[in-house]
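Fold and contact review
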Amino acid sequence: MSAEKKTYRSFWLILVSGMLTGMGNGSVFGAAMMCLMGRGGFANWGGAGMDSYNPSTFTGFVDWTMIVFGLAFCVILVVGLGGHEKLEAKQAA
């Protein structure tokens with residue numbers, strides 16, 4: 001099985017597990033930030049409608065943090081899988 005095929009077959013696993021893990025860590029980061037600074041400089045908490053995704057509101061900032069952390073974990077999984085495939089290819093040779 002080629003390296004591209006393994007990466008292709010792992011797409012949904014990478015996407016689901018990376019977003020789940022990363023967004024979980026992003027929510028912990030948001031909770032820690034809330035405990036440290038309160039609402040701080042955020043005039044609006046942003047919990048209604050599309051304000052939930054407006055980064056100038058507190059909720060929007062935390063939501064975008066979770067999305068960015070999720071995408072970062074997906075990248076980490078792709079890099080890890082690539083490294084694993086290289087090790088497998090080296091052992092096979």
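Residues numbered from 1 in each chain as written. Predicted model: local features only at pLDDT ≥ 70, side-chain atom pairs only at ≥ 80, totals over all residues. Heavy atoms only, no water.

Some words on helix α2 (residues 11-37)
What counts is decided by this rule: By definition, any uninterrupted DSSP run of H or I lasting at least four residues is a helix, any uninterrupted run of E lasting at least two residues is a strand, and each is numbered from the N terminus. For a helix, the expected span equals 1.5 Å multiplied by the number of residues minus one. When a residue's accessible area, from a 1.4 Å probe over protein chains only, is under 20% of the maximum for its type it is buried; when over 50% it is exposed; and in between it is partly exposed.
Compared with an ideal rise of 1.5 Å per residue, which puts 27 residues at 39 Å, α2 spans 38 Å between its outermost C-alpha atoms and is within 8% of the ideal. If you check which residues of α2 are buried, you get Ile-14, Gly-18, Met-19, Gly-22, Gly-26, Gly-30 and Met-33. The positive-phi residue at the C-terminal boundary of α2 is Gly-38, with phi of around 65°.

Section: a nonpolar patch on the surface
What counts is decided by this rule: Every patch collects residues that have over 30% relative accessible area and no salt bridge, joining them within 9 Å if they carry like charges and within 5 Å if they are nonpolar side chains (Val, Leu, Ile, Met, Phe, Trp, Tyr). Only the protein chains shown count as cover for residues, and all accessible areas are computed by the Shrake-Rupley method using a 1.4 Å probe. Throughout this description, the term salt bridge denotes a Lys or Arg side-chain nitrogen within 4 Å of a carboxyl oxygen of Asp or Glu.
Among the surface-exposed residues, Phe-11, Trp-12, Leu-15 and Val-16 lie close enough to one another that they form a single nonpolar patch of about 430 Å² accessible area. By the secondary structure assignment, Trp-12 is in helix α2.

Some remarks on the packing of α2 against helix α3 (residues 58-92)
Defined as follows: Between N-to-C directions, angles span 0 to 180 degrees; the directions come from axes that are lines fitted to C-alpha atoms, helices contributing only their stretch in contact. Here is the rule for angles: anything less than 35 degrees is roughly parallel, anything more than 145 is roughly antiparallel, 65 through 115 is roughly perpendicular, and the remaining ranges are oblique. Throughout, a crossing is termed right-handed when the near helix is turned clockwise from the far one, and left-handed when it is turned anticlockwise from it by less than a right angle.
Between α2 and α3, whose axes approach to 6 Å, the crossing angle comes to 140°. By the angle between their axes, α2 is oblique relative to α3. The element α2 and its partner α3 pack so that their crossing is right-handed.

Some words on the confidence of the model for the protein
For the record, the criterion: Every residue is assigned a pLDDT by the predictor, reflecting its confidence on a scale from 0 to 100.
Summarising the model, the protein shows a mean pLDDT of 86, and 94% of its residues fall at 70 or more. Of all helices and strands in the protein, the one with the weakest mean pLDDT is helix α1 (residues 3-9) (68), whereas α2 scores best (91).

A closer look at the packing of aromatic side chains
Pairs of aromatic rings are described using the distance from one ring centre to the other and the angle between the two planes. Our working definition: Two aromatic rings from Phe, Tyr or Trp, using only the six-membered ring of Trp, form a pair when their centres are within 6.5 Å; if the ring planes differ by under 30 degrees the pair is stacked, by over 60 it is edge-to-face, and anything between is tilted.
Counted by the stated rule, this structure contains two aromatic pairs. Their ring planes at 75° and their centres at 5.0 Å tell us that Phe-11 and Trp-12 sit as a pair that is edge-to-face. You can call Trp-12 exposed: its relative accessible area is 61%. With 5.6 Å between their ring centres and 35° between their planes, Phe-29 and Phe-69 make a pair best called tilted.

Some words on the side chain of Thr-57
Stated formally: Any pair of nitrogen or oxygen atoms within 3.5 Å is treated as a polar contact; in protein, a donor-acceptor pairing is required on top of that, and neighbouring residues in sequence qualify only through side-chain atoms on both sides.
In this fold, Thr-57 is placed in the loop between α2 and α3. There is a polar contact of 2.8 Å between the side chain of Thr-57 and the backbone oxygen of Asn-54.

Notes on the nonpolar core
The criterion, for reference: In plain words, nonpolar cores are sets of buried Ala, Val, Leu, Ile, Met, Phe, Trp, Tyr and Cys residues tied together by side-chain atoms within 4.5 Å.
By size, the foremost hydrophobic cluster in this structure holds five residues: Met-33, Phe-42, Phe-58, Val-62 and Met-66. Looking at this core, the element that brings in the most residues is α3, giving three residues.

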